[in-house]
Amino acid sequence: MNIFHNSAGTIQIDHVERTGFYSMTSQHMHQGYELYYLFSGERDYFIRDRTYRVKRGSFVFIEKEELHRTIDAGAPKHERVVINFAAGLLEGLGLTGRSGVITFPPQEQYKGEALVRELVAEAKGCSPGRDVMLESLLKQLLVHVFRAQAERGEPEAQPSALHQTMSEVAEYVGTHYREELHLKDVAERFFVSPYYLSRTFKRCTGFGFAEYVQLVRIREAQRLLRETNLKMIEVAEQTGIGTVANFHKLFRKMNGCSPLRYRKLQQALPANVKDL
């Protein structure tokens, strides 16, 4: 694995080629933006409450604080690049993207892939003007991807009917996270057994059911801490976590700091560096 940064810490490039089966195991959402490109292989990519089949020529754009995870799609090898960047790099583009998959037809893949390879090569080097070139190449790439997304619209999601059902479960969690959500009750609502729901949800999304519920709640808690002055007990209640003690424990586990510390850090850091 090769991870490179620019001097300001506003761009991170992670290039890896894997020869075996691999699925992400850690929780994954962050405050910066992410652009993913698959050079080879095939992956399933879960974003918020939908699963997409990603192949060579596919870009995946992830907005800030978006739940996402890549999962094995049956192909044992893949090579990909993940670019994380701060919000300030979108300023002046005149275009914005939304979370989802952007797939170019074979006759158009060369341009985007060439930009990605040039970006990786520049990141691995130490030529004069490296940081300026990284920012320039990334902005060109983003314009290329966002234009295509605006022209083509949303691609076909859900590799199978089973993925569609699990997407509906995820969507249900996303709209009912303030309530008590027990595996048994949700399984009954979707006319399946708890065991089946637990096993299938994990296989289709990469997340365990309870893990996903916690992440949805913490994602909302982060938003409330950044955007409101609500007290901790109010944040805990509005996210369905319950007591303040449980909220502090879960938040620290997911973020490595207390909710109060998180709020202070978000208020103190400038927008162009706090997003990665």
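Worth saying up front: this structure is predicted, and the values here are computed from it rather than measured.

## Overview of the sheet that holds strand β5 (residues 50-55)
Taking strand neighbours across the sheet as the criterion, the 3 strands line up as β5-β4-β7 in an open arrangement whose pairing is antiparallel. Every interior strand has two partners, whereas the edge strands, β5 and β7 (68-72), have only one. Across the sheet, the mean angle from the axis of one strand to that of its neighbour is 30°, orientation sign disregarded. Sheet analysis places strand β4 (residues 42-47) next to β5, joined by 6 bridges and oriented antiparallel. The partner of Phe46 across the bridge, within β5, is Thr51.

## Details of the packing of aromatic side chains
If you walk through the whole model with that rule in mind, you get 15 aromatic pairs. An angle of 75° between the planes, with centres 5.9 Å apart, marks the rings of Phe46 and Tyr212 as edge-to-face. Here the residue Phe46 occupies a position in strand β4, and Tyr212 occupies one in helix α6 (residues 209-227), the gap between them amounting to 166 residues. What makes Tyr212 buried here is its relative accessible area of 2%. Clustering of aromatic rings is evident, with ring pairs tying together Phe46, Phe201, Phe207, Phe209 and Tyr212. The ring centre of Phe207 lies 4.1 Å from the NZ or CZ of Arg69, which sits over that ring. Positioned above the aromatic ring of Phe39 is the side chain of Arg117, whose terminal nitrogen or guanidinium carbon lies 4.1 Å from the ring centre.

## Notes on the pattern of salt bridges
Opposite charge on two side chains makes pairing possible when the charged atoms of those side chains draw close. Going through the model one piece at a time under the given rule, you end up with 14 salt bridges. Look at the salt bridges and you will find they share partners, linking Glu42, Asp44 and Arg53 into a network.

## Details of helix α5 (residues 194-205)
The first and last C-alpha atoms of α5 sit 16 Å apart over 12 residues, in line with the 16 Å expected at 1.5 Å per residue. Where α5 is buried, its residues touch β4, β5, β7, α3 (161-176), α4 (183-189) and α6. Looking one or two places after α5, you find Gly206, whose phi comes out positive at around 85°.

## Regarding the pairing of strand β1 (residues 2-5)
Pairing analysis gives 4 bridges linking β1 to strand β2 (residues 11-18), with the strands arranged antiparallel. Across the sheet, residue His5 finds its bridge partner in β2, namely Gln12. Counting the residues between successive antiparallel strands, the hairpin from β1 to β2 contains 5 residues, one of them, Gly9, with a positive phi of roughly 75°.

Parameters and conventions
- Residues numbered from 1 in each chain as written.
- Predicted model: local features only at pLDDT ≥ 70, side-chain atom pairs only at ≥ 80, totals over all residues.
- Heavy atoms only, no water.
- Pairing = 2+ DSSP bridges.
- Helix = DSSP H or I, 4+ residues; strand = E, 2+ residues; numbered from the N terminus.
- Axes fitted to C-alpha atoms, helices over the stretch in contact; angles between N-to-C directions.
- Phe/Tyr/Trp six-rings, centres within 6.5 Å; stacked < 30°, edge-to-face > 60°.
- Buried < 20%, exposed > 50% of the residue type's maximum accessible area, 1.4 Å probe, protein only.
- Lys NZ or Arg CZ within 6 Å of the ring centre and 35° of its normal.
- Salt bridge = Lys/Arg side-chain N within 4 Å of Asp/Glu carboxyl O.
- Expected span 1.5 Å × (residues − 1).
- Contact = heavy atoms within 4.5 Å.

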